[in-house]
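Observations on the model geometry
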Amino acid sequence: MGRFSGFGITIRQVGKVVTGNYPEEKRPKPARFHGRHVLNRYEDGMEKCIGCELCAGVCPARCIYVRGADNPTDAPVSPGERYGFVYEINYLRCIHCDLCVEACPTEAITETKLFEFSFTNRSDAIYTKSELLVDDTGRARRQPWELWLGGEDDDTSAWMRATAPSGQVAFEGRVGWSGELGFGVRAPEQGQTAPGPLEPAVDPADGAAHHGHGDHGHGSGGHGSGGHGSGGH
Ligand code: SF4
Ligand code: SF4
């Protein structure tokens, strides 16, 4: 390429705008984008977290701290026996892998798409339960150091896989976990409200039926969706 043809390439770019007006204008985020978490509640206000600590156990960055406690009988916090008494996430360590969301049996923890938060001290980076818990309308509580624009919190979300109990691929898709959760009251989780038991999976190796853990409650079913009327989450 000669000297002048190189200049030609440069000149042809004059006037083209290749940058955006960020942060006032943000690009749309992909549907499965992982941002900061929220702790969800049922539409009657009860918390979905049952303090089981599975999220903390699976977290590869060891950034979740959960301490469960027995629900007070006169004023239960969650539909389960226990609830998340202390819940913290350290965002100086979180890698937004979403494994905590995958592990949670009640869909208590999900992720929004917000990643624009800038801390000025370490304590702000450690989100407490009161900061993570959604408000009375089901929306994330906006912290002063977070940049939410417009209706960004409409897209509180998590991609939940359809589980295959006991690793049997025949069960794939049988448990109707939510897809894109969205904000507010959602449709019941099919896996928790199915009218009858699932068909047993047939092991292709021996042709025999194996029931495994294929009943429709699948662990999470006992924690309130059925007991909460609509079964929403
Ligand atoms: S997204 Fe991953 S790293 Fe972050 S809290 Fe959850 S499990 Fe831990
Ligand atoms: S896995 Fe879910 S229910 Fe269990 S402690 Fe974590 S957020 Fe709460």
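This structure is a prediction, so every number in the text was calculated from the model and none was measured. (Residues numbered from 1 in each chain as written. Chains lettered and ligands numbered in written order. Predicted model: local features only at pLDDT ≥ 70, side-chain atom pairs only at ≥ 80, totals over all residues. Heavy atoms only, no water.)

Of note, C97 is situated in the loop between strand 3 (82-90) and helix 3 (99-103). Along the backbone, C97 and H34 are 63 residues apart, and their C-alpha atoms lie at a distance of 7.6 Å. Setting aside its immediate chain neighbours within four residues, C97 contacts H34 and P60. (Helix = DSSP H or I, 4+ residues; strand = E, 2+ residues; numbered from the N terminus. Contact = heavy atoms within 4.5 Å.)

Another aspect to go through is the pattern of salt bridges. Scanning the entire structure with this criterion turns up eight salt bridges. Put simply, K29 and E116 hold a salt bridge, and the shortest N to O gap is 3.6 Å. Of this pair, K29 sits in the loop between helix 1 (3-12) and strand 1 (37-39) while E116 sits in the loop between strand 4 (109-111) and helix 4 (122-125); the two residues are 87 residues apart in sequence, bridging distant segments of the chain. Of the charged contacts, one joins R41 and D136 as a salt bridge, the two residues approaching to 3.1 Å between their closest N and O atoms. Taken together, the positions of R41 in the loop between strand 1 and helix 2 (54-58) and D136 in the loop between helix 5 (129-132) and helix 6 (190-193) put the pair 95 residues apart, joining distant regions of the chain. On the basis of relative accessible area, D136 is assigned to the exposed category, the value being 71%. Within this structure, K26, K29, E116 and E152 form a network of salt bridges that share partners. (Salt bridge = Lys/Arg side-chain N within 4 Å of Asp/Glu carboxyl O. Buried < 20%, exposed > 50% of the residue type's maximum accessible area, 1.4 Å probe, protein only.)

Right, let's get into the site of ligand 1. Near ligand 1, the surroundings consist of 13 residues, among which C59, C94, C97, D98 and C100 are the closest. Classifying every residue of the shell around ligand 1 by side-chain character gives nine nonpolar, two polar and two charged. (Near = heavy atom within 4 Å. Nonpolar A, V, L, I, M, F, W, Y, C, P; charged D, E, K, R; others polar.)

The next subject is the sheet that holds strand 2 (residues 64-70). Strands sit in the order 2-3-5 across an open sheet of three strands; the sheet is antiparallel. Among the strands making up the open sheet, the edge pair consists of strand 2 and strand 5 (126-127). Bridge analysis of strand 2 against strand 3 gives seven bridges, and the strand direction is antiparallel. Directly across from V66, in strand 3, lies its bridge partner Y87. (Pairing = 2+ DSSP bridges.)

A few words now on the packing of aromatic side chains. Taken as a whole and assessed by the stated rule, the structure comprises eight aromatic pairs. Ring geometry for F117 and Y127: centres 6.1 Å apart, planes at 70°, overall edge-to-face. Of the two residues, F117 is situated in the loop between strand 4 and helix 4 and Y127 in strand 5; the sequence distance between them amounts to ten residues. Accessibility classification places F117 together with Y127 in one group, the buried group. Centre to centre, the rings of F119 and Y127 are 6.4 Å apart; their planes meet at 80°, and the pair counts as edge-to-face. (Phe/Tyr/Trp six-rings, centres within 6.5 Å; stacked < 30°, edge-to-face > 60°.)

Moving on: the nonpolar core. I64, Y87, I89, Y91, I109 and L132 are the most contacted members of the largest nonpolar core, which totals 23 residues. Elements with a minimum of two residues in this core: helix 2, strand 2, strand 3 and helix 3. Those residues within four positions of L132 in sequence are excluded, and the remaining contacts are R36, H37, V38, L39, Y87, I89, Y91 and Y127. Listed in part, the five residues of the second largest apolar core include V38, L114, V134 and W148. (Core = buried A, V, L, I, M, F, W, Y, C linked by side-chain atoms within 4.5 Å.)

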